[in-house]
Structure formats: C-alpha cells, structure tokens
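# Summary of the model geometry
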Amino acid sequence: MSVEATTLSAAAPSRPQRGVREARTFDVLSALARKLLPLAGIGLLLAVWQLLAASGLYTVDQLPGPLDALRASREVWAEGTLLPHVTASLARFGSAYFAAVAVAVPLGLVFGLRPNLWRAADPLIQVLRPISPVAWFPLAVLWLGIGNLPAIAIIFVAAFYPALLATVAAVRRVDPVYLKVARNFGTSGPQLIFKVIVPAAFPQIAMGLRIAVGAAWVYLVAGEMLGARTGLGFLIVDARNFLRTDLILMAMVLIGAIGFVIDRGVAWLERRLDARWGLLPEEHP
Amino acid sequence: MSAAAIRIERAARRYRDRAGGLRDALSDVSLEIDAGEFVCLLGPSGCGKTTLLNLVAGFDRPTSGRVLVHGREVTAPDPSRMCIFQSYALYPWRSVLGNVEYGLEVRGVPRSERRDIAHEYLRLVGLESFASHHPHELSGGMQQRVALARALAVDPGILLMDEPFGALDALTRMRLQDEMARIALQRAKTILFVTHDVEESVFLADRIVVMAPAPGRIQRILPVQLKRPRCRTSDGFVALRAQVLQELGVVHPGQPFPPGHSNNPRQESTP
C-alpha cells in the first residue's frame, strides 16, 4: 500500500504527500460511516419516538417512550413470563411454517411437472390467494376452536401461497438443456425429479421460502389473537386489556426484532446456497 | 446389414412456424458414417445441421425417412449416443467430479467404481486436480472439458457435438480442438460434430459435410485426407480450407488464394 503511494507520488510529484494521507483518513471514515448507515433509520425512529413521547402531545398511557418500553421488558423478564411467550410464538410459527412448506413444495413440484394439472388448479389458487389470512379468522375459530390450532392455521395459510407459487414457477423454469442432458443419460421418473429438477429449481424455491417466512411471521401475531393463552400476540391482547401501552410497544419491538433475525438467518442460508450453485460470486472475507 | 455406425436414410424434418406455415428444416438428407469416423457438419445457420444432430441423438424424430444407428432405428435418446452442447450444460449444484459421475450414478454403478471411472476421465481431459471444484469456478474451456469427460464416462460409441467450442475464445478453442483430435484418435469414437467454423472442420474431420439452407440439405461431402496430427499452417491445410470456403461461397472460384490477402472482393463486381 505504502509502496504504491510512494511510486504514485514519485510518478506525479505535483501531488503532495499530505493529500494522499488525508484521502486515506477520509476513506477510513467513509468506510466506518457505511458500516453505521444501517443503524441510521432505527436511530431516527427511536429519536422521533422519544421526542413525541416527551412532547406532552400524548399521555404516558397513550404513548410511552422507548425507555418505558425497555423498563416494561425488564419487568416481564423478571417475572419470567417473557421467554415462555417468545418460545410459544416460535413453536407455533415453526410448526405452521414447516407444515406449509411440507405441503406447498411437493404440491408445487406436481403442478410444475404437470402443466395440465396446473392449468386446472391455477385459477382456483389465484382466487383463494387474495383472501387475506385474516379473513379466515371466523372460519378458523368455527372449525378449529380457540387456542393453538387457529393460530397455526392462519400462519399456514400465510406461508402456503408464496411457497407453492415459487415452487411451481421454479420447476417450470428449469433450463431445458438440463433436462436434455438428463434424458440423454437415461434419467427418468423419481431420479429425474430428485437428481435434476429439484436441485435445478432449488435456488428459486428457496427464494419463495424466504418470502413465506416473512409472511408467516407477519400473521403470527394476528393468529395469536384468536384465543391463544401464550405468545407475543397474546401478550399484546393481554396488555391492551390492562392498558399497558408500554408492554404493547415492547412486544411490537420484539416481534420486529425477531422477524429481522429470522429473515437475516434465512437470507444467509440462501446466499450460501446461491454461492454453491454459482449464482453469486464466492465470498472472500 | 451395412457396417455403418450411423445411417441416415432420406431424412426430412418439417416444422410448423408461428405463422402456421411449413418450413423444411431438413429435406431429404442421406448420409452414412462409419464407426470411428469423425464427421463435421458445416454450414451457415439455418442449414439444418443442429436439426440433423438432434435426429441422430433421438431428441427429435424425422417427419419422413429414418435414422439408423448400428442398424436400429433411433426413437429416443440413449447414453450410447452422448450429446455435447455449446452451453456445457453442467449441473451447477454438483462438483466437477459429481458431474462426471452423474451418468454412472443414473446407471447404478457402485460409488467407488464410478468414482474411479470419473477420475480416469477427468485425467483424460487434464482436470483431475479440479475434481472438488464447482462448475462456476472454472473457465468456459475447462467447463466444456468437464462436459466431455461426463459424456465419455458412460463410454458412448457415438459423440454428438453441437458447436461445442462456439462460445470459447479463439486460443482456447484451438487448444480444445487439439485435445478433441487426440481423444478421438485415442478412444476410437464415432463423432458427429456441428460447426460453422471452417478451420475447425478442416482440423478435426475425416469428412466435411457441407450443408446449405432453405431447405436444409447436404450440398457436398469433402473428404479430408490430411495426416494427423494436423498442422493449421501446412500447405495442404490452407489449400483445403480455401476449397471449403469456396464451397460455402465465401470465396469465389476466380479469386487467387490465400483468400483475403491484397485482394479486394469488391474488385470482382467492378466492371
């Protein structure tokens, strides 16, 4: 680096040494700024929140500040109720999501491989899909009672369509030359599906699964408002009944934070997968 | 029964185009290829050379006429006739070794045995040390060598190559042509090789089948009697190359050769 700088300044003596050093300091600073940039939005939100809470526009019961929410989190943590709520939510979310994937992906494979079947099913799916999972609430309660099952059903519905549609599209978009090679080698039946079509479609399926994760998490809270006695959604309903706005805000922040972590985790998995498939340049840290 | 490895009898392939009209991609083509022979199909795009290759591969059926391989009519693709594509078509989710093993895996060859065979063919194409890499980590020329190893691993009697080096830069292409000539000689395969590169066909082929478009047909068959290994700059090579260019209508009969030199093609049309 320094060798480069010297040769550079030797070749262009008009450029003063100090200028180079200043430029380098600037580089370090801008690199640091770039690292901190993702925090800017969150920082801004916290500041606005705090300002609004302190402005006196709302009472503390209407809008507690960030510190009140933090205090509330310490309170429920000390009571030992926070962790059970979080794990209950994660368990519901996990079981509903994996159930949705376990149904949607194989079904998507079948639809993707059988164009006529898809032609028959496509309009039905497109009619069902715009019905918000929330619209299923009354039926979910009528059919499944209250508690765990309706919540799981709502999350299932939310995750199902993106996973299904991504799989169908992925299978239909498999490069025909891969299939040509497979046929040439005499591949057929299950081997064709599991050795060629599934792996070839997998990166695109994974993208759909990531969208489904997000959708599932979004509807978790809604689902847990249907009579569940645990979970972050229940925590919000319960806090509303006691007018504990600080707890509501805390739960909201927590839902956002966990959703963020889940998304980042899945994105990381997806990136590793894409790198293996050669869709992204291999990372060199 | 004839001794020909591939026998094409008055094969024609007619397509219905988008406007609903009929187009003869291939019209009344007959050709016999001996076992171990290297035949290049040469011609401009639209002359039906890839169509013909697909008929021999079994990816497509002729509208009339038939294709026989070792006396039996071709109705479907088969590992005894392996195709090599211009786009390499390696499986990106498999390692280089995994790609070469693929055909053996489908065939049910036990793991250790297919691993040995795959390594042998990777050695043949000079990529043994890249066995654990993934295709995208390799250059285009290396990827095509992997595709070649993958095809050879199932020991096909016939190789069908569709402009396999068309996507490569000129130097890599020549290097692969050298390798191809060596492998063809070593492994005694029957090879049908589609190209629009005149020099490539002169370098590789025992016979050059010059094709013409609209409708796709064989215009002329030129035997190449140059000794192997061939030299791209020998007099015989240059002369034959000029003859093929002339056949394709790129160089006209009256023109002095070597073509292109000091000779402005526009002069001809000047009265």
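Residues numbered from 1 in each chain as written. Chains lettered and ligands numbered in written order. Predicted model: local features only at pLDDT ≥ 70, side-chain atom pairs only at ≥ 80, totals over all residues.

Take the overall build of chain A next. What chain A contains, in helices and strands, is 11 helices and zero strands. What you see in chain A, going N to C, is helices and strands ordered as α-α-α-α-α-α-α-α-α-α-α. Across the 285 residues that make up chain A, the buried fraction comes to 30%. For chain A, the proportion of contacts with a sequence separation of at least 24, taken over those separated by at least 6, is 71%. (Helix = DSSP H or I, 4+ residues; strand = E, 2+ residues; numbered from the N terminus. Buried ≥ 20, exposed ≤ 12 C-beta atoms within 10 Å, placed from the backbone. Contact = placed C-beta atoms within 7 Å.)

Quick look at the overall build of chain B now. When helices and strands are tallied, chain B shows eight helices and 10 strands. Its C-alpha atoms give chain B a radius of gyration of 20 Å, within 12% of the compact-globule value 18 Å for 271 residues. Residue burial in chain B is summarised as follows: out of 271 residues, 43% are buried. Sequence-distant contacts, at least 24 apart, represent 67% of the contacts inside chain B between residues at least 6 apart. (Rg over C-alpha atoms; globule rule 2.2 N^0.38 Å.)

Attention now moves to the interface of chain B and chain A. Tallying the contact residues gives 19 residues for chain B and 14 residues for chain A. Here the side of chain B that touches chain A takes three residues from helix H2 (residues 96–107) of chain B, the largest share from any one element. Partitioned by chemical class, the residues of the side of chain B that touches chain A number 14 nonpolar, four polar and one charged. (Nonpolar A, V, L, I, M, F, W, Y, C, P; charged D, E, K, R; others polar.)

On to unusual backbone geometry, then. All names here are of chain B. With omega at -5 degrees, the peptide bond leading from Ala214 into Pro215 counts as cis. Counting through the fold element by element, Pro215 comes out in the loop between strand S9 (207–212) and strand S10 (217–223). In this model, Arg228 is joined to Pro229 through a cis peptide bond whose omega is -5 degrees. For Ala89, which is not glycine, the phi dihedral falls at a positive 55 degrees.

What follows is about the sheet that holds S9 of chain B. Residues and elements named next belong to chain B. Strands sit in the order S6-S7-S8-S3-S9-S10 across an open sheet of six strands; the sheet is mixed. Two strands close off the open sheet at either side, each with one partner strand: strand S6 (81–84) and S10. The sheet shows a mean angle of 20 degrees between the axes of neighbouring strands, taken without regard to direction. One ladder, built from five bridges, connects strand S3 (residues 38–42) with strand S8 (residues 190–195); its direction is parallel. Note that in S8 the partner of Val39 across the bridge is Leu192. (Pairing = 2+ DSSP bridges. Axes fitted to C-alpha atoms, helices over the stretch in contact; angles between N-to-C directions.)

The next subject is the pairing of strand S4 (residues 64–69) of chain B. Residues and elements named next belong to chain B. Here strand S1 (residues 6–16) runs beside S4; their pairing, made up of five bridges, is antiparallel. Paired with Ile8 across the two strands is Val67, which belongs to S4. Pairing of S4 with strand S5 (residues 72–73), which is carried by two bridges, proceeds in the antiparallel orientation. Bridging from a neighbouring strand, Leu68 pairs with Glu73 of S5. Hairpin connection between S4 and S5: a loop of two residues separates the two successive antiparallel strands, and His70 in this loop has a positive phi of roughly 50 degrees.

Residues and elements named next belong to chain A. By the secondary structure assignment, Val213 is in helix H9 (residues 189–224). When the C-alpha positions of Val213 and Leu144 are compared, they lie 23 Å apart, and in sequence the two are 69 residues distant. In this view, Val213 contacts Tyr97, Ile262, Asp263 and Val266; residues no more than four positions away in its chain are not counted.

To continue, consider H2 of chain B. Because each turn of an α-helix spans 3.6 residues, side chains separated by three or four positions in sequence point in the same direction. Within H2 of chain B the residues assigned to the buried category are Val96, Leu97, Asn99, Val100, Glu101, Tyr102, Gly103 and Leu104 of chain B. Gly108 of chain B sits one or two residues past H2 of chain B and shows a positive phi near 90 degrees.

What follows covers the confidence of the model for chain B. All names here are of chain B. Per-residue pLDDT for chain B has a mean of 87; in total, 91% of the residues score no lower than 70. Low pLDDT, under 50, characterises residues 257–271; the stretch is placed with nine contacts to residues that sit more than four places away or in other chains. The complex model carries a pTM of 0.79, and its ipTM stands at 0.86. (pLDDT = per-residue confidence, 0-100.)

Spatially, the four strands line up as an open sheet ordered S2-S1-S4-S5 (chain B), and their pairing is antiparallel. Each end of this open sheet is capped by a strand with a single partner; those strands are strand S2 (22–33) and S5 of chain B.

This paragraph deals with helix H7 (residues 148–172) of chain A. With 25 residues, H7 of chain A extends 36 Å between its outermost C-alpha atoms, agreeing within 8% with the 36 Å of an ideal straight helix rising 1.5 Å per residue. Burial of H7 of chain A is extensive: 22 of the 25 residues sit out of reach of the surface. (Expected span 1.5 Å × (residues − 1).)

As a further point, take the packing of helix H3 (residues 111–124) of chain B against helix H4 (residues 140–153) of chain B. Residues and elements named next belong to chain B. At a minimum axis separation of 9 Å, H3 and H4 run at an interaxial angle of 135 degrees. Classified by the angle between their axes, H3 and H4 sit oblique to one another. Once H3 is placed against H4, the crossing between them reads as right-handed. Counting all contacts with H3, which are made through Ile117, Ala118, Tyr121, Leu122 and Leu124, the residues of H4 involved are Ala149, Leu152 and Ala153. (Parallel < 35°, antiparallel > 145°, perpendicular 65-115°, else oblique. Left-handed = near helix turned anticlockwise from the far one by under 90°.)

Residues and elements named next belong to chain A. Relative to each other, helix H10 (residues 232–241) and helix H11 (residues 245–277) sit at 165 degrees, their axes nearing to 8 Å. One finds that H10 runs roughly antiparallel with respect to H11. In the crossing of H10 with H11, the sense of the turn from one axis to the other is left-handed. Residues Leu232, Leu235, Ile236, Ala239 and Arg240 of H10 pack against Leu247, Ile248, Ala251, Leu254 and Ile255 of H11. In the contact of H10 with H11, the residues fall into nine nonpolar, no polar and one charged.

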